[in-house]
Structure formats: structure tokens, C-alpha cells
There are 2 protein chains.
Amino acid sequence: MTWDRFKSLYYTNSKLGLSVDISRMPFPDDFLTSMEPKLNKAFADLAALEGGAIANPDENRMVGHYWLRNPELAPTTELREAITSTLESIKTFAAKVHKGEISGAAGKFKEVLVIGIGGSALGPQFVSHALGRLKGGRDKMGISFFDNTDPDGMDYVLKGLGSRLKQTLVVVISKSGGTAETRNGMLEAQVAFKAAGLDYAKHFVAVTGEGSKLDQVAQKEGWLARFPMWDWVGGRTSELCVVGLLPAALQGIKIDQMLAGAAAMDAVNRKKSLRDNPAALVALMWYWATDGRGAKDMVILPYKDRLLLFSRYLQQLVMESLGKERDLAGNVVNQGIAVYGNKGSTDQHAYVQQLRDGVNNFFVTFIEVLKDRADDQSLEVEPGVTSGDFLQGFLLGTRDALSESNRHSITITVPEVSPKTIGILIALYERAVGIYASLVGINAYHQPGVEAGKKAAGSVITLKLAIDAALRAAPGTAFTAESLAAKLGQPAKTETIFKVLEHLASNPGSGVTKTAGKPWFESSYTRET
Amino acid sequence: MTWDRFKSLYYTNSKLGLSVDISRMPFPDDFLTSMEPKLNKAFADLAALEGGAIANPDENRMVGHYWLRNPELAPTTELREAITSTLESIKTFAAKVHKGEISGAAGKFKEVLVIGIGGSALGPQFVSHALGRLKGGRDKMGISFFDNTDPDGMDYVLKGLGSRLKQTLVVVISKSGGTAETRNGMLEAQVAFKAAGLDYAKHFVAVTGEGSKLDQVAQKEGWLARFPMWDWVGGRTSELCVVGLLPAALQGIKIDQMLAGAAAMDAVNRKKSLRDNPAALVALMWYWATDGRGAKDMVILPYKDRLLLFSRYLQQLVMESLGKERDLAGNVVNQGIAVYGNKGSTDQHAYVQQLRDGVNNFFVTFIEVLKDRADDQSLEVEPGVTSGDFLQGFLLGTRDALSESNRHSITITVPEVSPKTIGILIALYERAVGIYASLVGINAYHQPGVEAGKKAAGSVITLKLAIDAALRAAPGTAFTAESLAAKLGQPAKTETIFKVLEHLASNPGSGVTKTAGKPWFESSYTRET
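Analysis parameters
Residues numbered from 1 in each chain as written. Chains lettered and ligands numbered in written order. Predicted model: local features only at pLDDT ≥ 70, side-chain atom pairs only at ≥ 80, totals over all residues. Heavy atoms only, no water. Helix = DSSP H or I, 4+ residues; strand = E, 2+ residues; numbered from the N terminus. Rg over C-alpha atoms; globule rule 2.2 N^0.38 Å. Buried < 20%, exposed > 50% of the residue type's maximum accessible area, 1.4 Å probe, protein only. Contact = heavy atoms within 4.5 Å. Areas by Shrake-Rupley, 256 points an atom, 1.4 Å probe, with all protein chains shown as cover. Lys, Arg positive; Asp, Glu negative; His and termini not counted. Charge placed at Lys NZ, Arg CZ, Asp CG, Glu CD. Pairing = 2+ DSSP bridges. Phe/Tyr/Trp six-rings, centres within 6.5 Å; stacked < 30°, edge-to-face > 60°. Axes fitted to C-alpha atoms, helices over the stretch in contact; angles between N-to-C directions. Buried area = accessible area lost by both parts, 1.4 Å probe. Salt bridge = Lys/Arg side-chain N within 4 Å of Asp/Glu carboxyl O. Polar contact = N/O pair within 3.5 Å; in protein donor to acceptor, adjacent residues only side chain to side chain. Least-squares fit on C-alpha atoms with pLDDT ≥ 70 in both. Left-handed = near helix turned anticlockwise from the far one by under 90°. Nonpolar A, V, L, I, M, F, W, Y, C, P; charged D, E, K, R; others polar. Patch = residues over 30% accessible without salt bridge, like charges linked within 9 Å, V, L, I, M, F, W, Y side chains within 5 Å. Core = buried A, V, L, I, M, F, W, Y, C linked by side-chain atoms within 4.5 Å. Arc of directions from axis to C-beta.

Draft legend 1. Main features of the overall build of chain A. Of regular secondary structure, chain A possesses 18 helices and 13 strands. Its C-alpha radius of gyration of 26 Å places chain A within 12% of the 24 Å reference for a compact globule of 529 residues. Across its three principal axes, chain A shows a C-alpha extent of roughly 80 × 60 × 55 Å. Here chain A, with 529 residues, has 64% of them falling under the buried criterion. Taking the intrachain contacts of chain A between residues at least 6 apart in sequence as the baseline, contacts between residues at least 24 apart amount to 71%. Taken as a whole, chain A presents about 17800 Å² of accessible surface, with 52% of it coming from carbon and sulfur. Between the centroid of the 59 positive side chains of chain A and the centroid of its 57 negative side chains there is a distance of 4 Å.

Draft legend 2. View of the pairing of strand β13 (residues 524-527) of chain A. All names here are of chain A. On β13, burial covers both faces: S524 and T526 on one face and Y525 and R527 on the other are all buried. In this structure, strand β12 (residues 512-515) lies alongside β13, joined through four bridges in antiparallel fashion. In the strand pairing of β13, T515 is matched with S524.

Draft legend 3. Region of interest: the packing of aromatic side chains. For the coordinates displayed, the defined rule picks out 55 aromatic pairs over all chains. Each ring, one from Y10 of chain A and one from F498 of chain B, has its centre 5.6 Å from the other, and the planes form 90°; the classification is edge-to-face. On the criterion of chain membership, the pair formed by Y10 of chain A in the loop between α1 (3-9) and β1 (11-13) and F498 of chain B in helix α18 (residues 494-505) is interchain, its members lying in two chains. Across the pair, F498 of chain B and Y10 of chain A agree in class, each one buried.

Draft legend 4. Structural view of unusual backbone geometry. For the bond from G344 of chain A to S345 of chain A, the omega torsion is -5°, close enough to zero to count as cis. Its place among the elements puts S345 of chain A in the loop between β9 (339-340) and α13 (352-357).

Draft legend 5. Layout of the sheet that holds strand β3 (residues 111-115) of chain A. Residue and element names in this part refer to chain A. Taking strand neighbours across the sheet as the criterion, the five strands line up as β4-β3-β5-β6-β7 in an open arrangement whose pairing is parallel. Both edges of this open sheet fall to β4 (142-146) and β7 (225-229), since each of them pairs with a single strand only. When the angles between neighbouring strand axes are averaged without regard to direction, this sheet yields 20°. Sheet analysis places β3 next to β4, joined by five bridges and oriented parallel. Paired with L113 across the bridge in β4 is S144. In the packing of helix α7 (residues 180-195) onto the sheet, the strands contacted are β3, β4, β5 (168-173) and β6 (204-209), and the crossing angle to β5 comes to about 160°.

Draft legend 6. Just the interface of chain B and chain A, in detail. The partner chain A presents 138 residues to the 138 residues of chain B that form the contact. Approximately 12300 Å² of surface area, both sides summed, lies buried where chain B meets chain A, with 54% of it carried by carbon and sulfur atoms. Across the chain B-chain A interface, the total number found is 22 salt bridges. In this structure, D150 of chain B engages K304 of chain A in a salt bridge whose closest nitrogen and oxygen atoms are separated by 2.8 Å. In this structure, the connection of chain B to chain A is made through 85 residue pairs in polar contact (both at pLDDT 80 or more). Broken down by element, the side of chain B that touches chain A gets its largest block of residues, 14 residues, from helix α14 (residues 387-404) of chain B.

Draft legend 7. Geometry of the relation of the copies chain B and chain A. When chain B is fitted onto chain A, the two copies agree to an RMSD of 0.0 Å after a turn of 180° and an axial shift of 0.0 Å. The transformation relating the two chain copies, once decomposed into turn and shift, fits a two-fold axis. No C-alpha of chain B approaches the rotation axis more nearly than that of Y340 of chain B, which lies at 3.1 Å. Comparing contact sets, 100% of the residues at the interface of chain B also lie at the interface in chain A, consistent with an isologous, same-surface contact.

Draft legend 8. Expanded view of the packing of helix α5 (residues 119-131) of chain A against helix α9 (residues 242-251) of chain A. Residue and element names in this part refer to chain A. For the pair α5 and α9, the least separation of the axes is 9 Å and the interaxial angle reads 35°. The chirality of how α5 crosses α9 is right-handed. Between α5, through G119, S120, P124, V127 and S128, and α9, the contact on the second element is made entirely by V243, G244, P247, A248 and Q251. In the contact of α5 with α9, the residues fall into five nonpolar, five polar and no charged.

Draft legend 9. Summary view of the pattern of salt bridges. Taken as a whole and judged by the stated rule, the model has 70 salt bridges over all chains. The salt bridge involving R306 of chain A is made with D152 of chain B; its shortest N-O contact spans 2.7 Å. Separated into two different chains, R306 of chain A in the loop between β8 (297-302) and α12 (310-322) and D152 of chain B in helix α6 (residues 151-161) make up a pair that spans both. The pair R306 of chain A / D152 of chain B is uniform in exposure class, with both members buried.

Draft legend 10. Inspection of the sheet that holds strand β10 (residues 362-369) of chain B at higher detail. Residues and elements named next belong to chain B. As summarised here, the arrangement of the six strands in space is β1-β2-β11-β10-β8-β9, forming an open sheet in which the pairing is mixed. Of all strands in the sheet, those with a lone pairing partner are β1 (11-13) and β9 (339-340), marking the two edges. Examined bridge by bridge, strand β8 (residues 297-302) and β10 share six bridges and lie parallel to one another. Residue V299 lies in a different strand from β10, and its bridge partner there is V364.

Draft legend 11. Fine view of a positive patch on the surface. Residue and element names in this part refer to chain A. On the surface, a cluster of positive charge is made up of K108, K110, K135, K140 and K254. Its place among the elements puts K140 in the loop between α5 and β4. For K140, a relative accessible area of 55% gives the class exposed.

Draft legend 12. How the structure looks around the nonpolar core. Within the largest apolar cluster, 316 residues are counted, with the highest numbers of intra-cluster contacts made by W286 of chain A together with W286 of chain B. For W286 of chain A, the residues in contact, after removing those within four places along its chain, are M298, V318, L322, I337, F363, I410, Y429, A432, V433 and Y436 of chain A.

Draft legend 13. View of helix α8 (residues 213-221) of chain B. All names here are of chain B. For α8, the full list of buried residues reads L214, D215 and A218. For α8, the angular spread of the buried residues around the axis is 100°, confining them to a single face. Residues of α8 that are exposed and point over 90 degrees away from its buried face: K213 and K220. If you follow the buried residues of α8, they end up packed against β5 (168-173), α7 (180-195), β6 (204-208) and β7 (225-228).

Here is the structure:
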């Protein structure tokens, strides 16, 4: 932590507006050079990916999120054209909505409700909060989200919208149209529009794969608009395609600047010299900190309220990309890096106690934002000291306190939170993830483990229907979980049957009632009709 | 995971409304009995704590959060009286605010702005979201937070309030009155009130230690009201004292039911028989999962939108309580358990990929809520299947998928999200933390590591003032970080001086300008006057 080490390792690019300090990661002197062969392989992998290789072999897909901000890179004219014309159509659509040329039942749209999950919600949520209410202005539209299949959660959002529902534009985002949570949210929203006497088709927009089920429905029902999702953009890297850009443009965020920031970052991250490549520096630090096997957690601590959701965004980007059972050669490796964090200095009052004194199973990434506030009013909270000075003081102080007790950290600095720097941060982490995946030899672009949970959920739904049918077939009959399991010929599923029965009995609309038994597993469940 | 194991281990208490399933934690048969001696010690420790022992020896304090919901337990008449009369004064105050008998510059208060950090924000934020907009009703008041010293973050909240500032009641929460973030937030809010031509004293309420600096200011300036914070309630267990109850009552949440839920949970958690004590079961599972040394992370996955912030609340409660360098005997143990999570099924689309396939360094706690929605409308999203059925299906399916790949989980079930069940969940985890701390022999009630960061922050602020003074003393002189460090006689602080100069130059109000140099460390910084 001497000034000499800092000086020799500090990456700073004033034109871009990004600095990366790795001096508080005490890797040995030969670490960076020792990694060069692996790193060169990673650079070659990324170059091939950008050139249109099938970088996601399991799904036989190209991985094209870097083209979104630099269409010239795209491997075919068709792709180039699709990217540029879609961007234009987003901007045109948003402008018409803002002018009221596209409007709803009660005139001008004032609210956007985004229905999506995972990559189709986390990016838009992060960006909406990071870049909303910038520079004194109000946002062009308010924004809210259905990001789950929780009925009460949707009711909560609808209550928040209240009578503004009639001025709400709904953006349904689902590549296949088959994601259950999004489909359910769409159906629940449609019911709410109908209940308010509104023709939902005049309020709904689809963002989906061309020809998908959702696309067909939207076309048939005459929705306001349809925008494409491409199979060469994965969910967790979709913030800079329609998924992220449409909600952002509607909110009034300068999406061209986000794209420009990401493009500028990408250009730098293509440099083959490690010391000029911040994404490579970051990826190598992950590798060193975690032994290239996720041995430590990644704690993300931005000292800026607007970046509160960045850690949640990165949780998806990093963990879904890197958390893999097998490497590309098929060996079981159980890779991944756990990511968590919220914001400083707030988190100092939550868990920095453990970071400083407790189990040393993490490294921190501090994110520093130099500009304190838009209007540069500098109230002195003490003589000569502003709130922003305190914010920086807490960041630097905490960093020192952690270093003192041998807890390591990276520090990333940006001049301000703006569309450009958000584009930079997104692109920095996308590339770092890609490089790290190459270093440890995994496919960062698939998510095979997600299927197991979906499949298991499907079998629970199937069982639920069988339970329903059995109860209906014997009205007035009281079943215990065990007797129902026997009747269904599924004794191995008794626990699931018990859980489903408890759920049914807790929701009167199901028609199932419970009679408590002693012991608890003698409780019985009945349908009267 | 057979039904027999589930049956034999399931804890359920229908009167309370809580079930705990530990059957998916594959501890050996003799584990529970082997822990009995340690557990009995923990029960004795907790009994002593509840009896008024100095359970926080370092700070020579009693630990009395259990008395808050059962004042009869408090060791003296004075304490009992303080708890009950304060609860009455909260309810009276909230009722008067709701009726408009206590009002502000523009009549009835419609908004609450809570200014606090750590325990003085996380609990109120969690509860506000969990219990807002319940059962069709609108909340009595809107609620927002200053929970940091980020100037832009405060501007963001103030922009959200807009002209409603004049109808805003401000609750400033700080035990000592000396927490910098809260003090700064208070000062920034006062400036906003003044700028709007409002007398802030007519809008401000203090929640603070009797006789504290804040208490004195509030009294002198004639604030609307003052409420006590007691030194025997720690920040992370303060949700059920004024800190949490006053904001909740103002929002219109039934605080008596929260207290009743917690009291009922406490009564159960005092049982000396492990199998009848859910907090002990949970604490033992933490011990088994983490080898009693934080070897695995705790992932909290409530399948309910309203419980989104529960993991963040628990992050503080668990990590600040358990993340300790030394045990009670003074040995270096570096204890703690890392906590993260958001909500299901949303997180399935973010990081369950890694949980299922990646590095196996965690155990999950699923939180299941049986009731789907308040009004029990059950739209069928597919024949015979509701959105709520899908939510349960995803929970059970994910749990199965994790079990299959040897990832362990606890499941906690509550009938609904209500003031009572929130009280239950808070009390369950408070007690589990207390028991676990006893099992591993640490003081759960202090936070010595937080001081180091604060102290280091203070020295950054001191350095900032010295830098300011040096620049002012030599107007027009360009300093590099190195030359200024030399002038200040602090070459060891060159990095911090550089960081402070960069921050100053990014905020025009500071009067410091930067001239970029090549290489970067030749950049210079000047004040003209």
C-alpha cells in the first residue's frame, strides 16, 4: 500500500473517465506476467466471440452483446442492420410516447410497467434507479416492475399505480414468451386493465423473439408495438439491447450515451497489453483473490446511492456466468464466485464489522464516484467539510481499516453517475466476466442449472393438478397427506403433497379446507364439491 | 429427504403460525444430542441476558430487546415503565398526526422522511415494504429515507418528495446524535426546509438517547417531539423499540401485532427442549452447516416480494452480531457467517445457476408464505393453476434441485405476511443469533470493528482540512499529490492526498482545479484564491 505500489499499478484513463486501483491486492511480483499465456488465450477467445464464433457451444449460439454498441463489429450486414434499425425504432417510439402521439385510454402515457424477470428486470431496475431524476429534471415517465410470479407482489405494484393504470404503458419482455413468471405477470396485468374497463392491447408492447408465442399473441391482438430480442444476446447481457434500452428511453434516459460509454470501454478492453486493459486487470484480480475457483466472495461496495442495485445486477452477471459445474473439457469443476453488497457508507453500519474482524472469506470492490451532486451546492456540515467529503472519508477510511487487517480490495473510480459511466461499468464487468471465464475454461454464456429447478417446478404443478383432481373426485372426503399420496400412488412425494395441501388450504379460493390433526401429520384436507 | 425424516424433524406450531423444516440439512443422527451441553449453556446465557445481566461485557451494557415486547421481563420498575409509557406515547403521537392534530406548515402531514443509518434504517425499510399497502388500504403516510451521507442520494429523495416536503414529518434517529451520516442528513434536510421557506423545527422529531447532543438541540429548537433510545437496545435489534415502531405507526402499521408476534415467538424460544425451540433448531443448523466457523454463506430466499429486504435486514443482524475477531476468552477466532439473498423465484433467474452447479459454499434458507394474496382472487394462468401455485412450485422445485446436487437448505413457513408474522420472524432470528453466539462463545452485542473505519475516516477528514488549508495558503500555486504531501510533511499519506485532490477537483464548489499531467501523477491542483 505504499505510494510506489499504487503509482506503479494504477490504471487511469481520463478520456474515458475510469480508474482501477489494484494496489491493495497483494499479489506477488510475478503474478501478472505468469498469467500472460492464459490471458492471451482469453484475448483470442474474446476476439473470436466478437467475430461471430459460436462462443456458446452448448446452445450453438453466437454471443453478440458487444455488437450492440458497435454494430460495425457484427459479422453480417443483416445483424448490423437489425441493430441500427431497432435502435432507431426505440428512439422513435419513445419520442412519440413522450409527445403523446402514441397514447392510451386516458391520453398521454405517464407510467411504464415493465414485466420481465432475471436479465429482463435487473438491468432495467438498476439503470432506472441509477439514472432517474438526474440533474434537477423529473423523469419523462414513472417506472415500476413485475419481476416475479407473486400475486401479492403484483397487487402491491398495482396499488402503487392506482388510478394511473389508465396512463400506463406496459412492456412485456420475454425472449421465448414461455417464461412462466413473465407470462403470469402479463395475464395478471391484463386482468387489471380489464377490471378498469381498459383495452389492454392499446397499452401493451412486446419485446420478444421474432415469431415467438408472445410475438404471435401481440400481433394477433394488435398490441401497440413489438420489438425484437435476439438469440445471440443472453439475458444477463441484455441491458444494451431493447430489453434495457426501451424502458430507459421511455423514462427519458439518454441511451445513446450509455451505448457510447460501453463502446468506448469495449475499445479499451480490446487492448492486448494487460496494463492498458482494465477488464483484464479486474479479471486477473478475481483469479488471484479466489484461487481461480471461487474461494472468496466478491463484495461490491459502491459509495453512491444511485449504484445501490449494481451489486444485484452483478450478482446475476457474475454468478450466472461463472457458476458452472463443468469446464469446457467436461471436467467437474463447480466454479463460480459469490457476489453480494449494497452501498457505502450505509453497509459500514451493517456488515463491515464482519468484513474487518470476522471470517476472511471475501475481497471488496469499492466503487468511488468523484462528483458529489448535480448542482454542486456544498453545504458545510462542519467547517470546511461537506457530506460528500464524509462519503469519501468513509470509503477511504474503511479501505484502510480493511487493508490493515489483511482484507483485500480493488477500487474503481468514475467521475460521476451518468449514462456514459453506467455504460462503462456494464461493459467493464461484461468483459471481465468473459475474460475470467476463459481463464478458468468455462462457458460463461449458458445456464444449464436453471433448467433443473424449472423442471422440478413443473413436476410440482403437475402434482398439484393431480391433487386437485383427486380431491374433486371425492368431495367431502378428508385426506391426510399420507392417504392422498397413497391414493395417487406417489408415496415418495408425500412431503410435496403435504406442502401443496397446506398451500391450498391457506387460500380459500382453492376450495380446500383443513382440519387440524394431532400430531400435525394427521391433519386432513377436504373439498366439499 | 424421505417423508420419514421430514416427519421426524418438522417443527410446526399452528397457534403461533410458524413451521421450520431442517430435514434437508443432512446432519448425522447424533448431532442434535451431541450439541445439548453447548445448547444448555446457550439457554442459560439467554436467560441471564433476559434477566438483566451485563450480556455485552465490553460496553458494560444490559441487552434488553426481549423486554420491549414483554415489559414484565424487564429487571426494574423504571425500565418497565419506560417501555410501556414510550409505546403509549408513540401510539398517541401517530394518532394525532393522522388526525391532523399535530400538523405542519401545510396542514396534515402526508409523508414521513426517516433519517437514520444501519439499525436505524434497515429495520424501518424492511418493515415499511413488508407491511405497506396491506389489504387494499392505502398507507396512512408515505415513507422515504436518508440512510447515507451521499449528497446526491439525498437530492434524489428530496426530488421524489417535491412539493410534498411541506407536508413531510421528519424523524431523525441517532442514539448519540453523533453518527456523521445521520447528522449530515439532518443538516441537509434542514437546508431543504429552509429553502422552501419552512420552519423545520415544526416538522422534526428526534429519536435519541436522553440528554444526547441531538436531544439537546431538539429541545432547544422546539422540535415537534422527542422519543427515547436506550443504551440497552442495540441498533441491529432496535426494530421493536421507537426506532422501528414510530415510523411503522406513522405509516399505519399495526405495531401492537408486531410486538405480540415477537412476544409469542420469544415465549416459544425460551423452551429448554430443543425440538420445541425453533430458534435453537435454526442456530444448530447454522452451526452444523458452517462448522461453527462461518465455512459456508447463508443465502436467504423468501418467495414473497414483500420480504425482499429481509435478507438485507438479516445481513446486518447476523453479520454484525457474529462477525467477530475474538471469542469471549480473548482468542482470535475470526467468526461470522456471510449473508446474502433477495427473493424467489426472481433470484432463480439470477444466481441459482451457481447455487445448483457452482461452488458449494453456502446453505439456503427458503422462506415460504402460504397465503398468495389478500383478496384471494385466483386468476387461472393455466387451467387449474394460479400465479401463486407457480410461486410455490418454483420454491419446492428449486429446493429439490438443490437437494439433488447436495446443496442444503432450511425451510421456514409462515401463513402470511402480517405484522404478527413479521414480529415472529424478527424474534426468531434475534434469538437464533443469540444462541449461535453462545455456541461459538462470542459477544453478539458489540461492534468493535466499526470503530476502526470511523477513526480512519476521521483522519481522512483531518487530512482534507490540512490540504484545503495548504492550498489556500498558496493561492495560484500548482501542487502535485507528491509535492503537497511533502509540504504537509506526510509522504506516507500521498495516496490519500491524491484521492482527496481528485475529489476536490471534481466538485467545482471546492474551488480547486486540476491541470492534467503526463504521466497521471504529474497532474497538479490549484486554488486561485
